[in-house]
Structure formats: C-alpha cells, structure tokens
Amino acid sequence: MKKHYKYKETDKMSDLICEDYSLLTVMSRFGLSLGFGDQSVKEVCRTQHVDHKTFLAVVNFMEDGQFQPEDLEDSEFSIEALMEYLKRAHNYFLDFNLPAIRRKLIEAIDCSAANDVALVILKFYDEYVGEVRKHMNYEDRRVFTYVESLLKGTPPEDYNIAVFARRHNQINRKLNELKNIIIKYYPQKGSNNLLNAVLFDIYNCEHDLFSHCRIEDYMFVPAVLQLEKKRQNEK
Ligand SMILES: [Fe+2]
Ligand SMILES: [Fe+2]
C-alpha cells in the first residue's frame, strides 16, 4: 500500500502556508514568490518553473520527519532541484540569517569592554559562523560539483557520496551551547525584549539548520547513492 503523504499537488498553496508557516522559508528557497492566489501547489510550481515533485517531497519530509527508501521511488524528486534548494538554503543562512542574528545580538548585549560575557558571546558566535561557512562551502564546492558531474555522466574517480556522508556532521549543536551561555551567564540589566527576540531567532535557526542537515542525510545522500549505482550499472 502506498504511504499517505500529507501534502498533495492538488492542495492549495495558501492552505499549506496556513497549516505550517515555516513552509514559507521552504517556498522562498525554491525560488517561489508569494501572490499566487488560489492556485494549487502544482500550478504555482509550474507557473514559476519549479519542480513540484521535489517541492512536495521536501514539505512532506519536513512534516513527518521520515524518508524511507520507498519514498525515494514514490516522490520522484529531482536531484538537480533538491541541490538548487540546498544551495539557496546555504545562501540564506550565510548571507541573511546568521548576519541578521549577529546584528541583533550586538543590539541586545552590552559590548563595552567592561562586559566580559558579552565579548565571549560575540567571539563564540563568530567562531561558530566560521564553522558553518566552512561546512557549507565544502558542500557547495566539493559535494555539489561532484554531483553535477555525476549527473552529466562524468564523475571524478577520486570522490563519491559516501565520503561526504561519513564526514557530514550536525552544525546546529553549538547554537545550543550559545543559548546556554546567554541564558545562564549573561548579566542582564533592564528590559528582556531585545535579548528574548534574538534568543527566539537562535532557536529558529537551530531548528532550521537541523532540518537542513536531515534533508541532506535522508533525501540527498540516498538519491545520489542510487544515481551512483545506476551509473555503475551503465558501464
Ligand atoms: Fe548544507
Ligand atoms: Fe550539511
């Protein structure tokens, strides 16, 4: 029996967003713009030249957190479209979200030389962003370039997706430490509003990075493994 997927191509795109507003970020990472009226998922995707099967595979994965080998067959998503989605997500984190959190942090904490904890927080954050940049640059330059050549049928001999899968690590954990430093040790004076706002952003970012990594581990890697096998059999 076919698995029941929550979201279908005939659903109204606006209903998806009402159901779960975090899907707004998924939409923008697929390059989908708002203002689609009452169009269905399939219609919005077709009008905006996005592969609707890949979009649905991602939103359904975000919904139930599971992706089994049979989902790989059922969803028929495109590796190219998923890779484009992952690249856009990298740009979002590196060029928008993480710099925005830094600006908010500086606004929320007292960075005068007298405040040691504030300086520790900022230093910790900058080191963390450096690690995320390294992680994502490696994926952009090494992994995606490899997969592009695999798709073209000319993969290099010295690399395969298992190398990536082995070294791929979670990048959201350190944000948890950062939250703990702020919550436990930042000597707050006055209003909590700014600091709370930045903590909420950090919680969201942590969750967002966690699901980003899961898409790479549970959707991207198995699909590339399958493509590698297919290429092997073609030889
Ligand atoms: Fe990534
Ligand atoms: Fe990653």
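Above this note sits the structure.
Okay, so let's go over this structure. Numbering of residues starts from 1 in each chain and follows the order in which that chain's sequence is written. For naming, the first written chain is A and the first written ligand is 1, with later ones following in the order written. Given that this is a predicted model, residues contribute local features only at a pLDDT of at least 70 and side-chain atom pairs are listed and counted only at 80 or more, while totals for whole chains, interfaces and linings are drawn from all residues. Values shown for side chains rest on all heavy atoms present in the structure; no hydrogens or waters enter the calculation.

This next bit is on the pattern of salt bridges. Salt bridge criterion: a side-chain nitrogen from Lys or Arg within 4 Å of a carboxyl oxygen from Asp or Glu. The final tally for this structure, using the stated rule, is 15 salt bridges. The partner of Glu9 in a salt bridge is Lys42, with the nearest N and O atoms 3.7 Å apart. With Glu9 in the segment before helix 1 (13-19) and Lys42 in helix 3 (residues 41-47), this residue pair connects regions lying 33 residues apart in the sequence. A residue is classified by how much of its surface remains accessible, and Glu9, at 29% relative accessible area, is partly exposed. The shortest N-O distance in the salt bridge between Arg29 and Asp208 comes to 2.9 Å. Of this pair, Arg29 sits in helix 2 (residues 23-29) while Asp208 is found in helix 10 (residues 193-234), placing the two residues 179 residues apart along the sequence. Assigned by exposure class, Arg29 and Asp208 land together as buried. Salt bridges sharing partners connect three or more residues here, namely Lys6, Glu19 and Glu63. Only runs of H or I of at least four residues qualify as helices and only runs of E of at least two qualify as strands under DSSP, and these elements are numbered from the N terminus. Only protein chains enter the accessibility calculation, which uses a 1.4 Å probe; a residue whose area is less than 20% of its type maximum is buried, one above 50% is exposed, and one in between is partly exposed.

Each patch is built from residues lacking any salt bridge and having more than 30% relative accessible area; the joining distance is 9 Å for like charges and 5 Å for nonpolar side chains (Val, Leu, Ile, Met, Phe, Trp, Tyr). In these tables, accessible area is a Shrake-Rupley quantity obtained with a 1.4 Å probe, and a residue counts as shielded only by the protein chains included in the view. Residues Tyr21, Leu24 and Leu34 make up a contiguous nonpolar surface patch of roughly 370 Å² in combined accessible area. Along the chain, Tyr21 falls in the loop between helix 1 and helix 2. For Tyr21, a relative accessible area of 67% corresponds to the exposed category.

Stacked, tilted and edge-to-face are the three classes applied to pairs of Phe, Tyr and Trp rings, where Trp contributes its six-membered ring and a pair requires centres within 6.5 Å; stacked means planes under 30 degrees apart, edge-to-face means over 60, and tilted covers the rest. With the rule as written, the count across this model stands at nine aromatic pairs. Measuring from centroid to centroid gives 5.2 Å for Tyr146 and Tyr159, while their planes differ by 65°, and the two rings are edge-to-face. You can see Tyr146 sitting in helix 7 (residues 116-152) and its partner Tyr159 sitting in the loop between helix 7 and helix 8 (161-167), a full 13 residues away along the chain. When its relative accessible area of 6% is taken as the criterion, Tyr159 is described as buried. Three or more aromatic residues joined by ring pairs make a cluster, and in this case those are Phe61, Phe67, Phe77 and Tyr218. One residue, Arg29, lies across the ring of Phe93, its end atom 5.2 Å from the ring centre. We call a charge positioned over a ring when the NZ of a Lys or the CZ of an Arg lies within 6 Å of the ring centre and within 35 degrees of the ring normal.

Within the protein, His90 (NE2), Glu139 (OE), His212 (NE2) and Glu216 (OE) serve as the donor atoms for the iron ion (ligand 1), at 1.9 to 2.2 Å. A donor here means any N, O or S atom no more than 2.8 Å from the metal (3.2 Å for Na, K and Ca); water is not included, so a site may seem to lack partners. When four donors show all angles between 85 and 135 degrees the site is tetrahedral, when four or six donors have opposite pairs over 155 degrees and all other angles between 65 and 115 it is square planar or octahedral respectively, and in every other case it is irregular. Note that the iron ion (ligand 1) binds four donor atoms; their angles at the metal cover 85 to 176°, and the shape is irregular. Motif for the iron ion (ligand 1), donor spacing along one chain: H-x48-E-x72-H-x3-E.

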